[in-house]
Amino acid sequence: MPNFGTHQPYALHPSMTQTAPSRRLQITLEPAVLQWARERVNLTPEELAEGLKIKPYRVTEWEQSGKISIAQADRLAARTYTPLGYLYLQAPPDDSLPIRDFRTRGGSPPTRPSPNLLDTIYQMQRRQAWMRDDLIENEEDPLPFVGAYSQRDDHTKVAAAMRDALGLNPGWAEEQRSWREALSFLRSRVDQAGILVVFNGVVGNSNSRKLDPKEFLGFALVDEYAPLVFVNSAYFITAQTFTLAHELAHLFVGETGLSAFDKLMPANNATEQFCNRTAAEFLVPAEELRAYWPTVKNQNNPSQKIALRFKVSAIVAARRLLDLELIERDTFFDFYERNKGQGKGQATTRSSGNFWNTQRWRIGPRFASAIVRAAAEGRLLYREAYSLTGLKRNTFDMLRQLGVRFELASSP
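Since the model is a prediction, treat every value here as computed from it, not as a measurement.

So, how was this worked out
Residues numbered from 1 in each chain as written. Predicted model: local features only at pLDDT ≥ 70, side-chain atom pairs only at ≥ 80, totals over all residues. Heavy atoms only, no water. Salt bridge = Lys/Arg side-chain N within 4 Å of Asp/Glu carboxyl O. Helix = DSSP H or I, 4+ residues; strand = E, 2+ residues; numbered from the N terminus. Phe/Tyr/Trp six-rings, centres within 6.5 Å; stacked < 30°, edge-to-face > 60°. Buried < 20%, exposed > 50% of the residue type's maximum accessible area, 1.4 Å probe, protein only. Lys NZ or Arg CZ within 6 Å of the ring centre and 35° of its normal. Expected span 1.5 Å × (residues − 1). Pairing = 2+ DSSP bridges. Axes fitted to C-alpha atoms, helices over the stretch in contact; angles between N-to-C directions. Contact = heavy atoms within 4.5 Å.

(A) Inspection of the pattern of salt bridges at higher detail. As enumerated under the stated definition, the model contains 15 salt bridges in all. With a closest N to O distance of 3.1 Å, Arg338 and Asp334 form a salt bridge. You can see Arg338 and its partner Asp334 sitting in helix H13 (residues 329-339), four residues apart, about one turn around the helix. Connected through shared salt-bridge partners, Asp134, Glu377 and Arg379 make up one network.

(B) Here's a closer look at the packing of aromatic side chains. Tallied over the entire structure, the rule returns 13 aromatic pairs. With 5.2 Å between their ring centres and 70° between their planes, Phe332 and Phe333 make a pair best called edge-to-face. For Phe332, a relative accessible area of 0% puts it in the buried group. Site record: aromatic cluster; members linked through ring pairs are Phe145, Tyr149 and Phe252. Over the aromatic face of Tyr81 sits the side chain of Arg209, whose NZ or CZ is 3.9 Å from the ring centroid. The positively charged end of Arg309 is found above the aromatic ring belonging to Phe310, 5.9 Å away from the centroid.

(C) Highlighting helix H5 (residues 115-137). The first and last C-alpha atoms of H5 sit 33 Å apart over 23 residues, in line with the 33 Å expected at 1.5 Å per residue. Most of H5 sits inside the fold, with 17 of its 23 residues counted as buried. A positive phi of about 60° marks Glu139, the residue just after H5.

(D) Region of interest: the sheet that holds strand S8 (residues 257-259). With mixed pairing, four strands are arranged side by side in an open sheet as S3-S7-S6-S8. Every interior strand has two partners, whereas the edge strands, strand S3 (196-200) and S8, have only one. Adjacent strand axes in the sheet meet at a mean angle of 10° when their direction is disregarded. In this sheet, S8 lies alongside strand S6 (residues 218-221) in antiparallel orientation, the contact comprising three bridges. When the sheet's bridge partners are listed, Ala220 is paired in S8 with Gly257. Strand contacts of helix H8 (residues 237-252): S3, S6, strand S7 (228-232) and S8, with the helix running at about 155° to S7, the strand carrying the most contacts.

As structure tokens, then:
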């Protein structure tokens, strides 16, 4: 069963009363838990105090004595995105990642997962579990391609299988007019193949809780009935395309995990290296690139020409040339340093004025359609539907009225 971020039951702190006392009442909590709450959002005592509009010495007192008012505990929980009950535990809970961590950043070990990342993973696990049960209840068949391959297979074979599963013809990217249209086309094909697809740059619908692309770019949750890929849309468009392909490769080899890339160099891990090679071959097939290379190799900025043809970033194009030994390693790293900021103004965190286009991918067309249908048929309580989609009642009612039109709406 997936881990939804729950913990083994803890005894309530002795100071927690059984009645509802005044919110000004002073209680004594575990200092280590109060310190843990602050540190999980990477705030100094001074920064936390500023956010709570109190003096810094108050935070220091809490973390030394554990003495805090009920009202202050409520505010601390809200400011640090901590479930209130956690503050009353006798020891800090385990907030490690519930999935395998494949991230790499400059050779440094991955940082402690943020509440934003953890809450996102838990939400996706809940959606996946519900969708799996719904599909089984409706006697749907498992998807044959999930976990059908391994790292012993040739990565070109897996990339070809990915294209076949999505029904992609050779040269499909060249037919798209822009990177944005290519991404829209590709993720729609992934959704139609039976995969839950989510693109979001914030936690749920909370625009104040942005997902940091420096922390992660995407993750894959493997399941034979309801596989899920999540792409952090707070990063630029062309990076999202590569991330989607990379996470898709994770599903085909049956490896759940969290990903981030440093200079498109995966961690010293066989799975990530294989998924990177597969994603690169999926987006920029070696045979097509070798045939195209003589046309552009003597032009100015050939990587940009390749990027426009295959609708990937120029960095991905250059990395592909390196993989195929068409350019030298030093040439690639020099190009990377000069172009690493390309497209950073094209993140899709905000809706750009179209709420429903944003919601389409924050929820996922396949998942949204299943939720609306289950609620309309009385198989799902509406309050559960609100919780699973992250929508409020009025908004969900609008979603329900849109019905199939929501599923088939054109992408942004």
